[in-house]
Amino acid sequence: KEKVEITKEQRTLMKVIVDAYSTHQIPQDVAKKLLQEQYSADENFLLLTEMATSQVQVLVEFTKNIPGFLSLDREDQIALLKGSAVEAMFLRSAQVFSRKMPSGQTEVLEERIRKSGISEEFIIPMFNFYKSIVSLHMVQEEQALLTTITILTPDRPYVKDQQAVERIQETMLELLRKLCVLQRPQEPQYFARLLGRLTELRTLSHYHAEMLTSWRTNDHKFTPLLCEIWDVQ
Ligand SMILES: O=C(Nc1ccccc1)[C@H](C1CCCCC1)n1c(-c2ccc(Cl)cc2)nc2cc(F)c(F)cc21
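Neighbouring the ligand are 22 residues; Ser93, Val96, Phe97, Ile113 and Tyr130 lie closest to it. Between the ligand and serine 93 there is a distance of 3.1 Å, counted from a nitrogen atom to a side-chain nitrogen or oxygen. Tyrosine 130 is positioned with one of its side-chain polar atoms (N or O) 2.7 Å from a nitrogen atom of the ligand. Within the complex, 100% of the 670 Å² of free accessible area of the ligand lies under protein. Among the elements of the structure, helix H2 (30–36), helix H3 (41–64), helix H4 (74–97), helix H5 (105–114) and helix H6 (120–134) are those that each provide at least two residues to the shell around the ligand. Among the elements that make up the shell around the ligand, the one with the highest residue count is H4 (6 residues). Class assignment of the residues belonging to the shell around the ligand gives a composition of 17 nonpolar, 4 polar and 1 charged.

Written out as structure tokens, the structure is:
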């Protein structure tokens, strides 16, 4: 039986990542807004572009706290941010959706999102992904590390020094593997299941531009930052 132990420096690394992850959150809670009232497709589109824009800003702040990220080549830092922003937003959305809510509220939230203006064809793959995240019952440490591992994907477009990214990502993968073994001794496959979600996340993220351009709204207006990050306009 493998004796798994978190080292002192891994504990420090964990604390830095989780603190940064919980600090750099979306300013106001989008779920609360959606539960307060039903918005029109136009209002929902505006809300989405505002949330997605602020989420990119929050993502930049979060990555600054990932040990080793700032020592990467500057252009590679940008390539990693551009390459992971959409996935990070869907992963964040899934984590918001999987939060424990008073009974019945998750159903209301799901309904509001189904009717938000998003085109029918994307509803099923999106909620399949969200529900697969819900079913993992991830703890905050796992959520923070999974987002970090997504950001540190070496094979994003235009990354020059992939080895340097791989080295940092491997540190995070090893820490997440140990956490999963310690957290779920009776579920040896749990770590593999977590990483499997990143494949689903990448597939869902392929649709992001179409999801936005097919939104039931008359005016698909995007912020300059979203035009940079999302392949729109
Ligand atoms: O804001 C959002 N997600 C967000 C969260 C955190 C940070 C940044 C963005 C949007 C809402 C959706 C309803 C209209 C208003 C925006 N959102 C999405 C979502 C994102 C992108 C596309 Cl293309 C489609 C859907 N899935 C969600 C799940 C939740 F539990 C949820 F609460 C909000 C969710």
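Going through the model one piece at a time under the given rule, you end up with 18 salt bridges. Of the charged contacts, one joins lysine 3 and glutamate 5 as a salt bridge, the two residues approaching to 3.9 Å between their closest N and O atoms. Take lysine 3 and glutamate 5: they sit in the same class, and that class is exposed. The residue aspartate 73 makes a salt bridge to lysine 160 at a minimum N-O spacing of 3.2 Å. Of the two residues, aspartate 73 sits in the loop between H3 and H4 while lysine 160 sits in the loop between helix H7 (140–151) and helix H8 (162–183), which places them 87 residues apart along the sequence. On the accessibility criterion, lysine 160 (49% relative accessible area) is partly exposed. Members of the salt-bridge network, linked through shared partners, are Glu87, Asp155, Arg156 and Arg202.

Spanning 17 residues, helix H9 (residues 190–206) covers 25 Å between terminal C-alpha atoms, matching the ideal 24 Å at 1.5 Å per step. Every buried residue of H9 is listed here: Tyr190, Phe191, Leu194, Arg197, Leu198, Leu201, Leu204 and Ser205. Looking down the long axis of H9, one finds its buried residues gathered within 125° of arc, a one-sided arrangement. Turned more than 90 degrees away from the buried face of H9, the exposed residues are Thr199 and His206. Those residues of H9 that are buried lie in contact with H4, H6, H7, H8 and helix H10 (208–213).

Moving on, we come to the nonpolar core. Counting residues in hydrophobic clusters, the biggest one holds 79 residues, and the most contacted among them are Phe90, Met126, Met172 and Trp230. Those residues in contact with tryptophan 230, other than ones at most four positions away along the chain, are Ala52, Val86, Met89, His208 and Leu212.

Relative to the helices and strands, glutamine 95 is located in helix H4. When its relative accessible area of 2% is taken as the criterion, glutamine 95 is described as buried. Engagement of the side chain of glutamine 95 in a polar contact is seen with the side chain of tyrosine 21, the distance being 2.2 Å. Once residues lying within four places of it in the same chain are set aside, the contact partners of glutamine 95 are Tyr21, Met138, Gln143 and Thr147.

Rules of the game
Residues numbered from 1 in each chain as written. Predicted model: local features only at pLDDT ≥ 70, side-chain atom pairs only at ≥ 80, totals over all residues. Heavy atoms only, no water. Near = heavy atom within 4 Å. Polar contact = N/O pair within 3.5 Å; in protein donor to acceptor, adjacent residues only side chain to side chain. Areas by Shrake-Rupley, 256 points an atom, 1.4 Å probe, with all protein chains shown as cover. Helix = DSSP H or I, 4+ residues; strand = E, 2+ residues; numbered from the N terminus. Nonpolar A, V, L, I, M, F, W, Y, C, P; charged D, E, K, R; others polar. Salt bridge = Lys/Arg side-chain N within 4 Å of Asp/Glu carboxyl O. Buried < 20%, exposed > 50% of the residue type's maximum accessible area, 1.4 Å probe, protein only. Expected span 1.5 Å × (residues − 1). Arc of directions from axis to C-beta. Contact = heavy atoms within 4.5 Å. Core = buried A, V, L, I, M, F, W, Y, C linked by side-chain atoms within 4.5 Å.

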